[in-house]
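Residue strings, one per chain:
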Amino acid sequence: MTKKYTYLFREGNEHMRELLGGKGANLAEMSNLGMPVPYGFTITTEACTQYYEDNETINDEIKAQIFEYLDMLEKQSGKKLGDTKNPLLVSVRSGARASMPGMMDTILNLGMNDTVVETVAKLTDNPRFAYDSYRRFVQMYSDVVMGLNKSRFEKIIDDVKAKRGIESDLDLTADDMKELVVRFKDFYKDQLHADFPQDPKDQLMGAIEAVFRSWNNERAIYYRRMNNIPSSWGTAVNVQMMVFGNMGNDCGTGVAFTRNPSTGEKKLYGEFLMNAQGEDVVAGIRTPQTIDHLKEVAPQAYDKFLEICDTLEKHYRNMQDMEFTIEKGQLFMLQTRNGKRTAQAALKIATDMVDEGAITTDEALMMVEPQQLDSLLHPMFDPEALKSATPITTGLPASPGAGSGEIVFSAEEAKQANDEGRKVILVRLETSPEDIEGMSASEAILTVRGGMTSHAAVVARGMGACCVAGCSDIDMHEDEGYFVVNGQRFNRGDIISVDGSTGKVYGQAIKSVPAAITGNFERFMKWADERRTLQVRTNADTPRDAKQAYEFGAQGIGLTRTEHMFFEGDRIKAMREMIVSKTTEQRRAALAKIEPMQRQDFEGLYEAMQGQPVTIRYLDPPLHEFLPKTDEEVAELAKEMKMPKEELDAVIANLHEFNPMLGHRGVRLAITFPEIAEMQTLAVITAAINVQNRHPDWHIEPEIMIPLVGSVHELKFVKNIVSKTADKLIKDSNVDMKYHVGTMIEIPRAALLADEIAQEAEFFSFGTNYLTQMTFGFSRDDAGSFLSDYYDDNIFDSDPFAHLDTKGVGKLIKMAAEGGRKTRPDIKLGICGEHGGDPASIDFCQQVGLNYVSCSPYRVPIARLAAAQAAIKFGK
Ligand code: ADP
Ligand code: MG
């Protein structure tokens, strides 16, 4: 049997999105609900996939089905494509499974040619309308199918208007339209050295193919990558009989939402234009009227539309975004879909609809996109204040939030200004690990270089700081204390504002408003918490981050990177001493300086989490990352260590590694220098005991995590050191305290041998950043340079560091989870890579049965909602 590639609207329904695309499935559904939808048929997404399999040709089988369905459409409508008596005109519309707004273009009035236009003029007794429709068709076809930019035709229109001394398109006469058609066709011929196609069937096939092709245009590929949509889905094509909103003053076209998409208010919201065709409403050439006015100009159509809105919202159990056209007073529905909305509106609509009894709380939870919550968690610029501001430049929106302050050019300056209570924006060419403290002392970070995954971007997102990266328009003169952007000079101390949600930078102060989880948001999050089975923890290195995460609802810390604490202030010096120590005694002396600082940090973390579990990872990075970089720094350290500088230089040279990521780091450090693990245990346990004593009603059980383990023997060796130190401390303190030792699973070998490792590990935490690097064999920091080619060629659909590769890396995780549970049925399983805050990856964690996900503080609410959705989708 041959495959069915085409469906009349009446053959489909809303559940056939995968095959018919969102637009096609909903057109079918509306037809079946008895709503006035112009006849049409849908060519399936499978036809699109087949088109690519056949090397970008539409094969004969599919072609035959298209013509067969065209025939049926002609019978339904009583008109014929290209007919000289009663011609059919159609629109050709794309429609993927997931809505991809503005990604692919639509062609209207297809079927127009030099003879059809005459017939239409006669039949409607409206030559202006006929030629207007034809010139629109030439314009759209040339743009979408032949790649001749629309704007070049707009120039011709402007030219005709200027010649006639008119401003509005509405004032163009039938003769003007006729002239436009001639000039458009001439322009077409001039540019493409061929006549504008006159055979409607050729036009139709050209248009269908163009829709298929547009699936792989740059915008579409980018949009798919951002939204984790596989390239294998393909797009459907809808061929639909035209209805005309441009036939006169009893005609019109519009769009409307069943509720307000920016506030969520329960009130029809929309606009329309009389005597216009579809795209005019959004094009902004004429100013549309608000939807309530439709009551006056087309009362019958308005009443019918209200009734349909109500039916659709009830039917889809969601706010709808609809397109309609009125032809000679009669209403036609052209599209409906769940409307896009702001985060505020999403929460209001979800909670309102529950209160109205229209949907369940589960449906409400599924209605809000987790990622969207992000915009509610950061301070925002006051939208009113933004209206009157013009950006000086735009970079990449690397980390959301809003900040205004004085320009500074170094982390040092930022810190100092912050101590003095001044607000600053740190402007750098790019940032490096030493900048961390200065970054957190700034209202926002602005970098000239770097992309969305640059150091500045990753660190800023981690700490919830506002950041705009890759602002390449900026000409930096850091040493002289100024920068120039688009001819404007900004000096140290000048006030600028940075919007991390849009990437825009302003040369002035702008008022901002803070974030809080209250009202609808709070209520909604409570539903999420009741529904989810996955716990949500946070990755936090400082008490400040931990506190923020706690406020956002974190149920513990899943990862504390102890080394991040060493970059601050005097600590780096003690750390450097420790690294260059030649004897165990020297090393112990240096470690003894660090221990009280670590203890203090850990106490801060325990305090911030108020008795919830805290996982602390032992020292992980290659030691040389901490080493002094400049000659002065080396000299200073040598002096401190009472060591000749040459000797220190030699030590540093000795620590050089060819491939530090695969070098002396992680558990390997604790094996060569057991006293590091000893010191860290001392700090962890003493801190826990102190905080437990201060808060007898809390229940503190430290979780100690050993990184980069690949063999059970490594873990056993370090665990011994930990136990010896910890047990003694606990015994001496007379506090009854339990603690747990576990490991990160981040080396493939650990995943393969998880059953063995679970003999020693009481918990696993999947370090999916490193596990992804090790599984793919490329590093996150280097992959950026070539992955873009992978996306362009559809080799990868998305960044495996952003969305977990469930197929490969996921296989290792599944295997490790099973292995771990086999040995230790009550083993605790979590994930602490960047993926822990990514909704798609959280779905996977739910399916594998992990106990918790851990993510940066600002992703905690996102993860809470994503976990609730995962429980609804995959829970038992
Ligand atoms: P988009 O996804 O960009 O909205 P659409 O396929 O929905 O693209 O169509 C673009 C515009 O053309 C919309 O305003 C739509 O209502 C209008 N339109 C599409 N098909 C028809 C038709 N058969 N008759 C009249 N207008 C149409
Ligand atoms: Mg549309």
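Residues numbered from 1 in each chain as written. Chains lettered and ligands numbered in written order. Predicted model: local features only at pLDDT ≥ 70, side-chain atom pairs only at ≥ 80, totals over all residues. Heavy atoms only, no water.

**Details of helix α27 (residues 674-694)**
Logical step 1: Counted at 1.5 Å a residue, the expected span for α27 with its 21 residues is 30 Å, and the 30 Å between its end C-alpha atoms agrees.
Logical step 2: Buried residues dominate α27, accounting for 15 of its 21 residues. (Helix = DSSP H or I, 4+ residues; strand = E, 2+ residues; numbered from the N terminus. Expected span 1.5 Å × (residues − 1). Buried < 20%, exposed > 50% of the residue type's maximum accessible area, 1.4 Å probe, protein only.)

**What about the sheet that holds strand β24 (residues 504-506)?**
Logical step 1: Across the sheet, which stays open at both edges, the 8 strands sit in the order β14-β24-β23-β16-β17-β18-β19-β15 with mixed pairing between neighbours. Looking at the sheet topology across the chains shown, the edges are occupied by β14 (391-394) and β15 (396-399). For this sheet, the mean inter-axis angle between neighbouring strands, taken without regard to orientation, is 30°.
Logical step 2: Examined bridge by bridge, strand β18 (residues 444-447) and strand β19 (residues 466-469) share 3 bridges and lie parallel to one another. Pairing of I445 across the sheet is with C467, part of β19. (Pairing = 2+ DSSP bridges. Axes fitted to C-alpha atoms, helices over the stretch in contact; angles between N-to-C directions.)

**With respect to the coordination of the magnesium ion (ligand 2)**
Logical step 1: Here the magnesium ion (ligand 2) is held by E323 (OE) and Q335 (OE1), and the distances to it run 2.0 to 2.1 Å. Here the residue E323 occupies a position in strand β11 (residues 320-327), and Q335 occupies one in strand β12 (residues 330-338), the gap between them amounting to 12 residues. (Donors = N, O, S within 2.8 Å, 3.2 Å for Na, K, Ca; no water.)

**Details of the sheet that holds strand β6 (residues 107-110)**
In sheet architecture, strand pairing relies on hydrogen bonds along the backbone and comes in two forms, parallel and antiparallel.
Logical step 1: Read from one edge of the open sheet, 5 strands run β1-β2-β7-β5-β6, paired in antiparallel fashion. One side of each edge strand has no neighbouring strand; the edge strands of this open sheet are β1 (6-8) and β6. Averaged over neighbouring strand pairs, the angle between their axes works out to 25° when direction is ignored.
Logical step 2: Sheet analysis places strand β5 (residues 90-96) next to strand β7 (residues 235-241), joined by 7 bridges and oriented antiparallel. By the bridge assignment for β7, S94 is matched with V237.

**Here's the deal with the site of ligand 1**
Logical step 1: Around ligand 1 lies a shell of 13 residues, among which K23, R93, T106, M241 and Q335 are the nearest.
Logical step 2: Within the side chain of R93, one N or O atom sits 2.6 Å away from an oxygen atom of ligand 1.
Logical step 3: Q335 places a side-chain nitrogen or oxygen 2.8 Å from an oxygen atom of ligand 1.
Logical step 4: For ligand 1, the protein covers 85% of the area, taking 540 Å² as the surface of the free molecule.
Logical step 5: Across the shell around ligand 1, the residue classes tally to 5 nonpolar, 5 polar and 3 charged. (Near = heavy atom within 4 Å. Polar contact = N/O pair within 3.5 Å; in protein donor to acceptor, adjacent residues only side chain to side chain. Areas by Shrake-Rupley, 256 points an atom, 1.4 Å probe, with all protein chains shown as cover. Nonpolar A, V, L, I, M, F, W, Y, C, P; charged D, E, K, R; others polar.)

**Observations regarding empty space enclosed by the protein**
Logical step 1: Applying the stated criterion across every chain yields a total of 2 cavities of 30 Å³ or more.
Logical step 2: Taken as a whole, the largest cavity holds about 60 Å³ of empty space.
Logical step 3: Taken together, Y618, L619, G666, V667, L669, A670, I676, Q680, I706, P707 and V718 form the lining of the largest cavity.
Logical step 4: Mapped onto the lining of the largest cavity, the elements with two or more residues apiece are α26 (667-672) and α27.
Logical step 5: In terms of residue class, the lining of the largest cavity is built from 9 nonpolar, 2 polar and no charged. (1 Å grid on protein atoms, 1.4 Å probe; cavity = no way out; pocket = protein on both sides within 12 Å on 5 of 7 lines; lining within 4 Å. Points joined across faces, edges and corners; volume = space filled by probe spheres on them.)

**Some details on helix α13 (residues 343-355)**
Logical step 1: A rise of 1.5 Å per residue sets the reference length of α13, with its 13 residues, at 18 Å; its end C-alpha atoms lie 18 Å apart and thus fit the reference within 8%.
Logical step 2: Of all 13 residues that make up α13, 10 are buried, and the element is covered over most of its length.
Logical step 3: The elements touched by buried residues of α13 are α12 (299-316), α14 (361-367), α15 (374-377) and α20 (519-531).
Logical step 4: Remark: G357 follows α13 within two positions and exhibits a positive phi of approximately 75°. (Contact = heavy atoms within 4.5 Å.)

**Considerations on the pattern of salt bridges**
Two side chains of opposite charge can pair, provided their charged atoms sit close to one another.
Logical step 1: Taken as a whole and judged by the stated rule, the model has 58 salt bridges.
Logical step 2: Among the ionic pairs, R428 bridges to D435, the shortest N-O distance being 3.2 Å. Comparing R428 with D435, the two get one shared label, buried.
Logical step 3: Of the charged contacts, one joins D631 and K645 as a salt bridge, the two residues approaching to 3.5 Å between their closest N and O atoms. In this pair, D631 is assigned in helix α24 (residues 631-640) and K645 in helix α25 (residues 645-654), connecting sequence segments 14 residues apart.
Logical step 4: Through salt bridges with shared partners, one network takes in D159, K163, E179 and R183. (Salt bridge = Lys/Arg side-chain N within 4 Å of Asp/Glu carboxyl O.)

**Quick look at the side chain of Q846**
Logical step 1: In this structure, Q846 sits in helix α34 (residues 839-848).
Logical step 2: For Q846, a relative accessible area of 13% gives the class buried.
Logical step 3: A distance of 3.1 Å separates the side chain of Q846 from the side chain of T533, its partner in a polar contact.
Logical step 4: Beyond its immediate stretch of four places on either side in the chain, Q846 contacts T533, L534, A867, A870, A871, F874 and G875.

**Quick look at the environment of F524**
Logical step 1: Mapped onto the elements, F524 comes out in helix α20.
Logical step 2: Here F524 falls in the buried class, since its relative accessible area comes to 0%.
Logical step 3: In the structure, F524 is positioned 173 residues away from T351 in sequence and 7.0 Å away in space, judged by C-alpha atoms.
Logical step 4: Among residues more than four places away in sequence, those in contact with F524 are L347, A350, T351, A364, L365, V368 and L865.

**Regarding the packing of helix α3 (residues 60-77) against helix α8 (residues 200-214)**
For any two helices packed against each other, the geometry is given by the interaxial angle and the distance between the axes.
Logical step 1: Between α3 and α8, the shortest axis-to-axis distance is 12 Å and the interhelical angle comes to 120°. In terms of axis orientation, α3 runs oblique to α8. Along this stretch, α3 crosses α8, giving a crossing that reads as right-handed. When α3 is examined against α8, the residues K63, I66, F67 and L70 are found in contact with a partner set consisting of K201, L204, M205 and I208.
Logical step 2: Of the residues assigned to the contact of α3 with α8, the class counts are 6 nonpolar, no polar and 2 charged. (Parallel < 35°, antiparallel > 145°, perpendicular 65-115°, else oblique. Left-handed = near helix turned anticlockwise from the far one by under 90°.)

**A look at the environment of H15**
Logical step 1: One can find H15 in the loop between β1 and α1 (17-32).
Logical step 2: Between the C-alpha atom of H15 and that of D250, which follows or precedes it by 235 residues, the distance is 35 Å.

**Observations concerning the environment of Y852**
Logical step 1: You can see Y852 is positioned in strand β33 (residues 852-855).
Logical step 2: Along the primary structure Y852 and A358 are separated by 494 residues, whereas in three dimensions their C-alpha atoms are 32 Å apart.
Logical step 3: In contact with Y852, not counting residues within four places along its chain, are L534, Q535, R537, G558, S765, K828, L829, G830 and I831.

**Section: the nonpolar core**
Logical step 1: Grouped together as the largest cluster of nonpolar side chains are 101 residues, with contacts concentrated most on L373, F524, F602, Y606, I706 and F764.
Logical step 2: In terms of nonpolar packing, the next biggest core, distinct from the first, is built from 70 residues, A96, V138, V145 and A207 among them. (Core = buried A, V, L, I, M, F, W, Y, C linked by side-chain atoms within 4.5 Å.)

**A closer look at the packing of helix α4 (residues 116-124) against helix α5 (residues 127-144)**
Logical step 1: Running from N to C, α4 and α5 cross one another at 145°; their axes reach a closest spacing of 7 Å. The way α4 lies across α5 gives a crossing that is right-handed. Listed contacts from α5 to V117, E118, V120, A121 and T124 of α4 are P127, F129, A130, Y131 and Y134.
Logical step 2: The class makeup of the residues in the contact of α4 with α5 is 8 nonpolar, 1 polar and 1 charged.

**Structural notes on unusual backbone geometry**
Logical step 1: The phi angle at E56 is positive, at roughly 60°, despite the residue not being glycine.
Logical step 2: For E56, the position within the fold is in the loop between α2 (45-53) and α3.
Logical step 3: Given the relative accessible area of 41%, E56 is considered partly exposed.

**Brief notes about the state of the cysteines**
Logical step 1: Tallied over the full model, the rule gives 0 disulfides.
Logical step 2: You can see C466 has no disulfide; the closest cysteine sulfur is in C467, sitting 7.2 Å from it. (Disulfide = S-S within 2.5 Å.)

**Concerning a negative patch on the surface**
Logical step 1: Together, E218, D789, D792 and D793 make up a negatively charged patch on the protein surface.
Logical step 2: Tracing the sequence through the fold places D789 in helix α32 (residues 780-792). (Patch = residues over 30% accessible without salt bridge, like charges linked within 9 Å, V, L, I, M, F, W, Y side chains within 5 Å. Lys, Arg positive; Asp, Glu negative; His and termini not counted. Charge placed at Lys NZ, Arg CZ, Asp CG, Glu CD.)

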